[in-house]
Every structure is written in structure tokens, then in C-alpha cells.
Amino acid sequence: MNKYKILWIDDQYELLSELMERCEVINGFEITKCRFAKEGMKTFESHLEEWSAVVLDAKVLMESLNEVPNLSGLRYCRDRINELKPRRYVPMFVFTGQPDLISNEMFENMVDKYYSKGDDDDQLIKDIISAADQQEETQIIHKHQTVFDAWPESKHDLLRILKVLENEDWQNNSVLNDIRKIMSDVMNKLYVRGFCSVKHDGSNLGACSYVLGQRYMEEIIPVHVQRCIHSLVDVTNPGSHRTKIDSDVASGKAPYLIRTLIYEMLNVLCWGKVLNAIDDPEKVKRAIDIAKYNYEKKVEERKNKKKQQ
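Each value, and the rule that gives it
- All residue numbers refer to position in the chain's written sequence, counted from 1.
- Only residues with pLDDT of at least 70 are given local features in this predicted model, and only at 80 or more are side-chain atom pairs given and counted; all residues enter the totals for whole chains, interfaces and linings.
- Heavy atoms throughout the structure, all of them, feed into the side-chain values; hydrogens and water do not.
- Counting from the N terminus, the helices are the DSSP runs of H or I reaching at least four residues and the strands are the DSSP runs of E reaching at least two.
- Contact definition: two residues touch when any of their heavy atoms are within 4.5 Å.
- Note that accessible areas follow from Shrake-Rupley with a 1.4 Å probe, and for residues the cover is restricted to the protein chains shown.
- What makes a nonpolar core is a set of buried Ala, Val, Leu, Ile, Met, Phe, Trp, Tyr and Cys residues whose side-chain atoms join them at distances within 4.5 Å.
- Only protein chains enter the accessibility calculation, which uses a 1.4 Å probe; a residue is then buried when its area is under 20% of its type maximum, exposed when over 50%, and partly exposed in between.
- Counted as salt bridges are all cases of a side-chain nitrogen of Lys or Arg within 4 Å of a carboxyl oxygen of Asp or Glu.
- The path from the first strand over the helix to the second decides the hand: if it runs clockwise while the strands point away from the viewer, the crossover is right-handed.
- Here the rule is simple: two strands pair whenever DSSP picks up at least two bridges between them.
- When the centres of two rings from Phe, Tyr and Trp lie within 6.5 Å, Trp using its six-membered ring, the rings pair. Their planes under 30 degrees apart give stacked, over 60 give edge-to-face, and anything left gives tilted.
- Note on criteria: charge over ring means Lys NZ or Arg CZ within 6 Å of the ring centre, with the direction from the centre no more than 35 degrees off the ring normal.
- Whenever a nitrogen or oxygen atom comes within 3.5 Å of another N or O atom, the pair is scored as a polar contact, on the condition that within protein one atom can donate a hydrogen and the other can accept it, and that pairs from neighbouring residues in sequence are kept only if both atoms are in side chains.
- Lines fitted to C-alpha atoms define the axes, with helix axes restricted to the stretch in contact, and inter-axis angles between N-to-C directions lie between 0 and 180 degrees.
- The cut-offs work like this: below 35 degrees is roughly parallel, past 145 is roughly antiparallel, 65 to 115 is roughly perpendicular, and the gaps in between are oblique.
- Left-handed describes a crossing whose near helix is turned anticlockwise from the far helix by less than a right angle; the clockwise case is right-handed.
- We call Asp, Glu, Lys and Arg charged. Ala, Val, Leu, Ile, Met, Phe, Trp, Tyr, Cys and Pro are nonpolar, and the rest, Gly among them, are polar.

(A) Here's a closer look at the overall build of the protein. Helix and strand content of the protein: 14 helices and 5 strands. Principal-axis analysis of the C-alpha atoms places the extent of the protein at approximately 100 × 45 × 30 Å. In the protein, of all internal contacts separated by at least 6 residues, the share reaching a separation of at least 24 is 68%. Summed over all atoms, the accessible surface of the protein reaches about 16500 Å², with 47% contributed by carbon and sulfur.

The structure is reproduced here in C-alpha cells:
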């Protein structure tokens, strides 16, 4: 199911537990709950690229349960969300259980539309989904849902990379570093799951790639994935060649390189979804040992056969 990442700010969000559960189970919402305006905006800004929408209680408290409920928290959130629009537009929805606000002139001047708790629940959900589906980030996530589900730890870097793909920003050489970060995540998981005998230490992607690219590993990792890993590491790894590659990408001399690397990365990540189902790394290591033994045995048999000819 498609997923929508929702920031929900309400000091009494427990009272909405039934509605939130429905949103998560039926509508594919992933809800992050915050009690206070300042806490919510800090969370909002720290993960700005991933939100599908923000839902605000009309009288959201600023930072303490001891406060007298008023519109200050709502104004604070509205202003901060508007300030961040140049970086990322995120739709905001005001969800109120306060009937006294309906005739409040200040409230009417602050929001274009509001939803009443209990009466407008269905409309709120419908409008959140409609607004979210128009967001580039949401569309990208839905388009590549399998990859995002398999690699949640890489979501932020993955979004930046796929924006480059969607916008055909082929001279954006900064994506090379983002792909390298993804490959670090891949190597870390491959080590934990028993596929790579070399632990990634932040600077040895080449050594990890070498181990994964051995011929006997073809029994464990598909050949096309092995080759994609080698290509991604070789091109994005820091070294003397990176200066020339960065320059060629930025100048437009390598117009197909970025899209090639992104598709290679997606090949690796798509295959890598199988890693999450592995709960016995030792079993993987034993399979690799057997594959290595069988491969070396065949190599030795071929050598002996040549000697006999």
C-alpha cells in the first residue's frame, strides 16, 4: 500500500487513537505524533523532505501542558511552515474540536480551511491524500515503493537521488556522493547479513566490492548485481579519478553517466530487499563457503584436465 508520512501535532492525540489507527491500517498513513508546537516544528524541519502533510490542532500548545490553550501555537507552526516553503512545500491541515473558534475572527484570518473533529474525519483523510499525491516527493516514493520499503535507513539520500532522476538533472555531480552514501548502507547490511566478510569502516568500499565480486559469489549474488556494485563503487569512490568524473558530469560531457549510476543503484537496492528476510547470517556464510569450495574444486579440475591433454 502507498504510504503517507504525516506529522500530527496535538497535545491530546491519545483521544484520536481510533482515527489514527484507521488512517494507518486502511489509508497507509505513517503518523509521527507530537504534543507541542515547538517540538513538532523541530521534528518537521529535521525531516523536511519526507512529510506528506502536517495536521495541527487549532489550539495546539506551544511547549507545556501548563499553558492556557490559545492560537499562539497554531500561528507559530503556520509561520514556520510558510518560512520553509522555499525549501519544501508541505500542505497543512487544521483539525479542531473547538466550536468556539468558528466565529473567531483571528482564527478565520489564520487559516483558509479547517476540519472539525468527529464531523470531518473522512474529508480530512480524503484531502490529505489528494494533496499528498500532488507532491513530488510522495510521487517518487510511490513510484519506487519497493525500494523505499526495503531501505528505510536510506530514505533521505534516496529521495535526493531520485529527484535528480525525475528532473533529469544530469549535470548534478553532488549525486555521486549521495550514491556513495547509499553504497555504504548496502555494505553495512551485507556485512550484517553475512554476505560480505569485510566490515565496512567508512573508507573501504573498494575492498568490500572486491570480496562481493569474486566468481564463486555468483552462486550467492546475481552477476548483474555484482557488476552494478563494482561500477557504483568504482565511479563514486573518492580518488584521483573522481575529480575528472565530477568535472565531466558538471560540464555535460557525461550526459548519461548519472542516470546509468542511478539505475544501477536501483538494481542493487531492488535485489537487496531479500536481505531483510535473512535472520541467520551464519547460514549465508556456510552457503558462501560451499560455493567457494565448489568453485575452487572446478578450477582445480580444469587445471588437471589441461595438464593431461
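(B) A look at the nonpolar core. If you look at the biggest cluster of nonpolar residues, it comprises 50 residues, and the most contacted ones within it are Ile179, Met183, Met187, Leu190, Ile262 and Met265. If you look at the next biggest cluster of nonpolar residues, it comprises 22 residues, including Ile81, Val90, Met110 and Val111.

(C) Molecular detail of the pattern of salt bridges. Per the counting criterion, the structure on display carries 24 salt bridges. A salt bridge links Glu63 to Lys38, with the nearest nitrogen and oxygen atoms 3.5 Å apart. On the criterion of sequence distance, the pair formed by Glu63 in the loop between strand 3 (53–57) and helix 3 (72–83) and Lys38 in helix 2 (residues 37–46) is long-range, its members being 25 residues apart. The residue Arg78 makes a salt bridge to Asp79 at a minimum N-O spacing of 2.8 Å.

(D) Summary view of the pairing of strand 4 (residues 92–96). Taking burial as the measure, the 5 residues of strand 4 include 4 buried ones, the bulk of the element. In this region the chain leaves strand 3, passes through helix 3 and returns to the parallel neighbour strand 4; the handedness of that crossover is right-handed. As paired strands, strand 4 and strand 5 (residues 114–116) are joined by 3 bridges and run parallel to one another. Each residue of the ladder has a partner; that of Thr96, found in strand 5, is Ser116.

(E) Molecular detail of the packing of aromatic side chains. Taken as a whole and assessed by the stated rule, the structure comprises 4 aromatic pairs. On the basis of an interplanar angle of 70 degrees and a centroid distance of 5.8 Å, the ring pair of Tyr4 and Phe29 is categorised as edge-to-face. Of this pair, Tyr4 sits in strand 1 (residues 4–9) while Phe29 sits in strand 2 (residues 29–34), and the two are 25 residues apart along the sequence. The class for Tyr4 is buried, based on a relative accessible area of 5%. Centre to centre, the rings of Trp8 and Phe95 are 6.0 Å apart; their planes meet at 75 degrees, and the pair counts as edge-to-face. On the criterion of sequence distance, the pair formed by Trp8 in strand 1 and Phe95 in strand 4 is long-range, its members being 87 residues apart. Judged by its relative accessible area of 1%, Trp8 falls in the buried class. Over the aromatic face of Trp151 sits the side chain of Lys189, whose NZ or CZ is 4.1 Å from the ring centroid.

(F) Representation of the side chain of Thr236. Structurally, Thr236 is set in helix 11 (residues 223–236). Exposure remark for Thr236: the relative accessible area of 0% places this residue in the buried category. A polar side-chain atom of Thr236 sits 2.6 Å from the main-chain carbonyl oxygen of Leu232. Beyond its immediate stretch of four places on either side in the chain, Thr236 contacts Leu176, Ile179, Arg180 and Arg242.

(G) Spatial organisation of the packing of helix 8 (residues 155–166) against helix 9 (residues 175–192). Where helix 8 contacts helix 9, the axes come no closer than 9 Å and their chain directions differ by 140 degrees. For the element pair helix 8 / helix 9, the angle class is oblique. Note that helix 8 runs across helix 9; the crossing there is left-handed. Along the contact surface, helix 8 presents Asp157, Leu158, Arg160, Ile161 and Val164, while helix 9 presents Val175, Asp178, Ile179, Lys181 and Ile182. Among the residues forming the contact of helix 8 with helix 9, the class breakdown is 6 nonpolar, no polar and 4 charged.

(H) Up close: the sheet that holds strand 1. Taking strand neighbours across the sheet as the criterion, the 5 strands line up as 2-1-3-4-5 in an open arrangement whose pairing is parallel. Since the sheet does not close on itself, it has two edges, and those belong to strand 2 and strand 5, each with one partner. Within this sheet the neighbouring strands show an average axis-to-axis angle of 25 degrees, counted without direction. Direction of pairing for strand 1 relative to strand 3: parallel, over a ladder of 4 bridges.

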